[in-house]
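# Survey of secondary and tertiary structure
Each chain, written out:
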Amino acid sequence: MVTALNVANNVLDKGFSEKIDISPMKLQKLIYLVYKEFYQNTGKTLFAEPFEVWKYGPVLRSVYDEFKQYGGNAIKDYCMETDGNIYLVNAEKSENFKSALDGTWQKYKRFDGIPLSEMTHKKGTAWWKAATAKKLYLSNEDILKEEPFIP
C-alpha cells in the first residue's frame, strides 16, 4: 500500500537528483498536486491519509511530523521507515503515478512553498471550500472537481 511518506520520498528524490531545494511547505503542496493529478486521471485515491486544512493549505500530518525539524529550510534526507529502509513508489509499475509525478514536477518544481500555497488558497479550491466550511479535512470529492492551477 502506498503511503503519503512514500510519495514524499519520490518527490524528494526528484529534488535531490536535480539539486532543487524542497522545504516542508513545498513538499506538502507538491504531494497534494501529485495526489490531485493522479486522482483526477484515475478516479482512485493515491493513499488513504486525508489532507488537513491548515493555514497555508493542504497538509498531511504524517509528512508534517516527519519533516517539521527542517522548518522553512531545505529537506536533506528521505523519510526512513522504522525498519531502517527508505521506500519510494515504484513509478515504473504505474504509468498513472509516473505521469502524475513527472507532470507535477515539471510544472511546479521551480515554485517555492509560498506561491504553491497561494495556488491552493484560491477561491473555489478544495482547500478554500473546506476552510470556508470550517472543516478539518479536504473533501476528496472537491479535490476531484478542482480546476488545474495555472503556474
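Quick note: structure is the one above.
Because the structure is predicted, anything quoted here is derived from the model rather than measured.

Here is what the cut-offs are and how they apply
- Residues numbered from 1 in each chain as written.
- Predicted model: local features only at pLDDT ≥ 70, side-chain atom pairs only at ≥ 80, totals over all residues.
- Heavy atoms only, no water.
- Helix = DSSP H or I, 4+ residues; strand = E, 2+ residues; numbered from the N terminus.
- Rg over C-alpha atoms; globule rule 2.2 N^0.38 Å.
- Buried < 20%, exposed > 50% of the residue type's maximum accessible area, 1.4 Å probe, protein only.
- Contact = heavy atoms within 4.5 Å.
- Areas by Shrake-Rupley, 256 points an atom, 1.4 Å probe, with all protein chains shown as cover.
- Lys, Arg positive; Asp, Glu negative; His and termini not counted.
- Charge placed at Lys NZ, Arg CZ, Asp CG, Glu CD.
- Axes fitted to C-alpha atoms, helices over the stretch in contact; angles between N-to-C directions.
- Parallel < 35°, antiparallel > 145°, perpendicular 65-115°, else oblique.
- Nonpolar A, V, L, I, M, F, W, Y, C, P; charged D, E, K, R; others polar.
- Phe/Tyr/Trp six-rings, centres within 6.5 Å; stacked < 30°, edge-to-face > 60°.
- 1 Å grid on protein atoms, 1.4 Å probe; cavity = no way out; pocket = protein on both sides within 12 Å on 5 of 7 lines; lining within 4 Å.
- Points joined across faces, edges and corners; volume = space filled by probe spheres on them.
- Expected span 1.5 Å × (residues − 1).

This brings us to the overall build of the protein. Within the protein one finds 7 helices and 2 strands. When the helices and strands of the protein are placed in sequence order, the string is α-α-β-β-α-α-α-α-α. Against the 2.2 N^0.38 benchmark of 15 Å for 151 residues, the protein shows a C-alpha radius of gyration of 14 Å, consistent with a compact globule. Across its three principal axes, the protein shows a C-alpha extent of roughly 40 × 35 × 30 Å. Across the 151 residues of the protein, 43% fall into the buried class. Pairs at least 24 residues apart make up 71% of the contacts formed inside the protein by residues separated by at least 6 positions. Working note: accessible area of the protein is about 8,200 Å², and carbon and sulfur atoms make up 51% of it. Across the protein, 21 positive and 20 negative side-chain charges occur, with their mean positions spaced 6 Å apart.

This paragraph deals with the packing of helix α1 (residues 4-18) against helix α2 (residues 24-42). Put simply, α1 and α2 touch, their axes get as near as 10 Å, and they point 105° apart. Here α2 runs roughly perpendicular to α1, going by the angle between their axes. Each of A4, V7, A8, V11 and L12 in α1 lies in contact with α2, whose residues at this interface are L27, L30, I31 and V34. Counted by class, the contact of α1 with α2 contains 9 nonpolar, no polar and no charged residues.

All right, on to the packing of aromatic side chains then. Applying the stated rule across the entire model yields 9 aromatic pairs. Pairing Y35 with F47 gives two aromatic rings, centres 4.9 Å apart and planes at 50°, and the pair type is tilted. Placement of Y35 in helix α2 and of F47 in the loop between α2 and β1 (52-54) is noted, with a sequence separation of 12 residues between them. A relative accessible area of 4% means that F47 is categorised as buried. Seen from their ring centres, F67 and Y70 are 6.5 Å apart, and the 35° between their planes marks the pair as tilted.

As a further point, take the layout of surface pockets. A water-sized probe rolled over the atoms picks out the places where empty space is left. Quantified by volume, the largest pocket comes out at close to 210 Å³. Around the largest pocket, the lining residues are P24, M25, Q28, K29, W54, K55, Y56, V59, V63, Y64, K68 and G71. Contributing elements (two or more residues each) for the lining of the largest pocket: α2 and α3 (61-67). The dominant element in the lining of the largest pocket, judged by the number of residues it contributes, is α2, at 4 residues. Residues that form the lining of the largest pocket fall into these classes: 7 nonpolar, 2 polar and 3 charged.

A separate point is α1. Between its terminal C-alpha atoms α1 stretches 21 Å, which fits the 21 Å expected from 15 residues at 1.5 Å a residue. The element α1 is extensively covered by neighbouring structure, given that 11 of its 15 residues are classed as buried. By the burial criterion, the buried members of α1 are A4, L5, N6, V7, A8, N9, N10, V11, L12, K14 and G15. Its buried side turned inward, α1 meets α2, α3 and α4 (95-108). With its phi angle positive at about 55°, K19 sits one or two positions after the end of α1.

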